[in-house]
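Structure assessment
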Amino acid sequence: MTLTPSSISSIASSASSPALSVRQARFTTRWELINGVRAQAVEVTLANLLPAYTLSLRTSIHSEVLVSIEGAGIRTVSPASVFRLVPSDQVRVDVFVTGSRSGGSATVRLRDSHGRDLGSSEGWVSSPLVSTWTPDVEVLKMHETPTW
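Figured I'd write up the structure that's included with this text. Note that the structure is predicted; figures quoted are calculated from it, not measured.

1. Points about the nonpolar core
In terms of nonpolar packing, the biggest core is built from 22 residues, with Val44, Val67, Ile69 and Val108 touching the most fellow members. For this core, the secondary-structure elements that each account for two or more residues are β2 (19-34), β3 (37-48), β4 (65-71), β6 (80-82), β7 (89-98) and β8 (105-112). Top element by residues in this core is β2. It accounts for 4 residues. Not counting residues up to four positions away in its chain, the partners in contact with Val67 are Val44, Pro79, Ala80, Val82, Val93, Val95, Val108, Arg109 and Leu110. If you look at the next biggest cluster of nonpolar residues, it comprises 5 residues, including Ala15, Ala47, Leu49 and Leu50.

2. A few points about the sheet that holds β4
Ordered in space as β6-β4-β8-β9, the 4 strands form an open sheet in which the pairing is antiparallel. Strands with a single pairing partner mark the edges of an open sheet, and in this sheet they are β6 and β9 (117-125). Strand-to-strand twist of the sheet, defined as the mean angle between neighbouring strand axes without regard to direction, takes the value 25 degrees. In this structure, β4 lies alongside β6, joined through 3 bridges in antiparallel fashion. Each residue of the ladder has a partner; that of Val65, found in β6, is Val82.

3. So, the packing of aromatic side chains
On inspection of all chains with the given rule, the structure shows 0 aromatic pairs. One cation-aromatic arrangement involves Arg38 over Trp31; the distance from NZ or CZ to the ring centre is 4.6 Å.

Definitions and cut-offs
Residues numbered from 1 in each chain as written. Predicted model: local features only at pLDDT ≥ 70, side-chain atom pairs only at ≥ 80, totals over all residues. Heavy atoms only, no water. Core = buried A, V, L, I, M, F, W, Y, C linked by side-chain atoms within 4.5 Å. Buried < 20%, exposed > 50% of the residue type's maximum accessible area, 1.4 Å probe, protein only. Helix = DSSP H or I, 4+ residues; strand = E, 2+ residues; numbered from the N terminus. Contact = heavy atoms within 4.5 Å. Pairing = 2+ DSSP bridges. Axes fitted to C-alpha atoms, helices over the stretch in contact; angles between N-to-C directions. Phe/Tyr/Trp six-rings, centres within 6.5 Å; stacked < 30°, edge-to-face > 60°. Lys NZ or Arg CZ within 6 Å of the ring centre and 35° of its normal.

Dropping the structure here:
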C-alpha cells in the first residue's frame, strides 16, 4: 500500500496495492462525550487514487484500517475505521481527539488492525474546540451542525 499526494501519475497500470491519499484533515467545532471526556471531531477524507478500471482485491482496502491523529499535545481518544475502499473512491470519517491547539501541526496516521504502520500524512493545521460560545459573529459563524 502506498500513501501518496492527492494526484497520481502512471502507476495505475502497474498497481499492486491501493494508492491512498489523505485529501483533508479538518479540525471541526463538533464534539462528543467519550468516556466522560469532551473529544473534538477531526474530519479526515481518505481516497484511493487508482482509477476504477484497476479494481481488484490487491488494489482495494478490504480489511480494517485505523485512522488516528498525532501531534504536540494531541491524543486520539477514538480512531476511525475504514473497512472497504476501492479504486476511484473516497471516504470521510471522524477521528475524535483531545489536546488540539490553535496553529499546531497534526499528522494523520494509518494502521492496520494489528497496529502495523501503513503510512502517515503530516502538516495538517490543528485548531481547538470553541470553549465559550458568545453572540459574537466571528464565533457564531464557526458553528457546525451535529452529524446525528
